[in-house]
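Working through the structure, step by step
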Amino acid sequence: YSRICYEVIYGEPIEHCKACMALPVEDQYPVYDEIMMPQTGEWLGLQSSTVRWTDGQLMRLYNCQRITEKKLQEAYVLRMAYLDHLTGLPNRYRCDLDLQQAIDEARESGKPGYVLFIDMDDFKIINDGYGHDYGDALLQEFAYFLEGGDLQPHRVYRFGGDEFVVIVDPEGAD
């Protein structure tokens, strides 16, 4: 059996739904929206379109699909794109974005921030001498150490290999 989309999602009409339903069918445009159901946290993909029925009348068709798995996969891909898998820190791509934002904010506020670039010299010796598992554990511990530092507020990034970046925000630069 079918129900109107807002009944499924909200249980009662919301302003957006009321405005959409008030339009004549010929004035409604195709819509696709992704909505989280507040009751369950489940995601729904809502699609609507106007079609001409066999008798010539215009009708509005609605399709509602569960897309929770798709949203979880999208979130996973975003995490993979912006986080270093070994340390859990944001990676160089996230650093580039955040550094530009920090520069813009510093310009606007007139307050300086700081950028620390940390390169662990001769780290290859640790990997070659003690093994990559030991080197990985050391990188993880160093990342943990940097995150808990006294420079507050700050953001820590694994730039790559044995390189880290710390952005100290203008509030923490005093």
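Here, the structure is the one placed above.
This structure is a prediction, so every number in the text was calculated from the model and none was measured.

So, how was this worked out
Residues numbered from 1 in each chain as written. Predicted model: local features only at pLDDT ≥ 70, side-chain atom pairs only at ≥ 80, totals over all residues. Heavy atoms only, no water. Helix = DSSP H or I, 4+ residues; strand = E, 2+ residues; numbered from the N terminus. Buried < 20%, exposed > 50% of the residue type's maximum accessible area, 1.4 Å probe, protein only. Contact = heavy atoms within 4.5 Å. Areas by Shrake-Rupley, 256 points an atom, 1.4 Å probe, with all protein chains shown as cover. Pairing = 2+ DSSP bridges. Axes fitted to C-alpha atoms, helices over the stretch in contact; angles between N-to-C directions. Phe/Tyr/Trp six-rings, centres within 6.5 Å; stacked < 30°, edge-to-face > 60°.

**Here's the deal with the overall build of the protein**
Helix and strand content of the protein: six helices and six strands. For the protein, the α and β elements follow one another from N to C terminus as α-α-β-β-β-α-α-β-α-α-β-β. For the protein, the residues scored as buried account for 26% of the 174 residues in total. Sequence-distant contacts, at least 24 apart, represent 47% of the contacts inside the protein between residues at least 6 apart. Total accessible area computed for the protein in this model is approximately 12,100 Å², and 55% of it derives from carbon and sulfur atoms.

**Concerning the sheet that holds strand β5 (residues 154-160)**
Sheet architecture is open: three strands sit in the order β4-β6-β5, paired in antiparallel fashion. On the outer flanks of this sheet lie β4 (114-119) and β5, each paired with one strand and no other. Looking at each pair of strands side by side, their axes are set apart by 20° on average, direction ignored. Direction of pairing for β5 relative to strand β6 (residues 163-168): antiparallel, over a ladder of six bridges. Across the sheet, Arg158 pairs through a bridge with Phe164, a residue of β6. In the packing of helix α4 (residues 92-109) onto the sheet, the strands contacted are β4, β5 and β6, and the crossing angle to β5 comes to about 140°.

**Points about the packing of aromatic side chains**
This model, assessed by the stated rule, comprises four aromatic pairs. Summarising the aromatic geometry, the rings of Phe117 and Phe159 are spaced 5.6 Å apart at their centres and angled 85° between planes, so their arrangement reads as edge-to-face. Here Phe159 lies in strand β5 and Phe117 lies in strand β4, a separation of 42 residues in the sequence. The class of Phe117 is partly exposed, set by a relative accessible area of 48%. For the ring pair Phe142 and Phe145, a centre distance of 6.2 Å and an interplane angle of 25° mean the geometry is stacked.

**So, the sheet that holds strand β1 (residues 31-36)**
Here we have three strands laid out as an open sheet, ordered β1-β2-β3, and antiparallel in their pairing. Whereas interior strands pair on both sides, the edge strands pair on one side only; in this sheet they are β1 and β3 (58-66). Averaged over all pairs of adjacent strands, the angle between their axes in this sheet comes to 20°, without regard to strand direction. Strand direction decides the pairing type here: strand β2 (residues 43-52) and β3, joined by nine bridges, are antiparallel. From the neighbouring strand, Thr50 faces β3, where its bridge partner is Arg60. In the packing of helix α3 (residues 68-82) onto the sheet, contacts are made with β1, β2 and β3, and the angle to β1 comes to roughly 80°.

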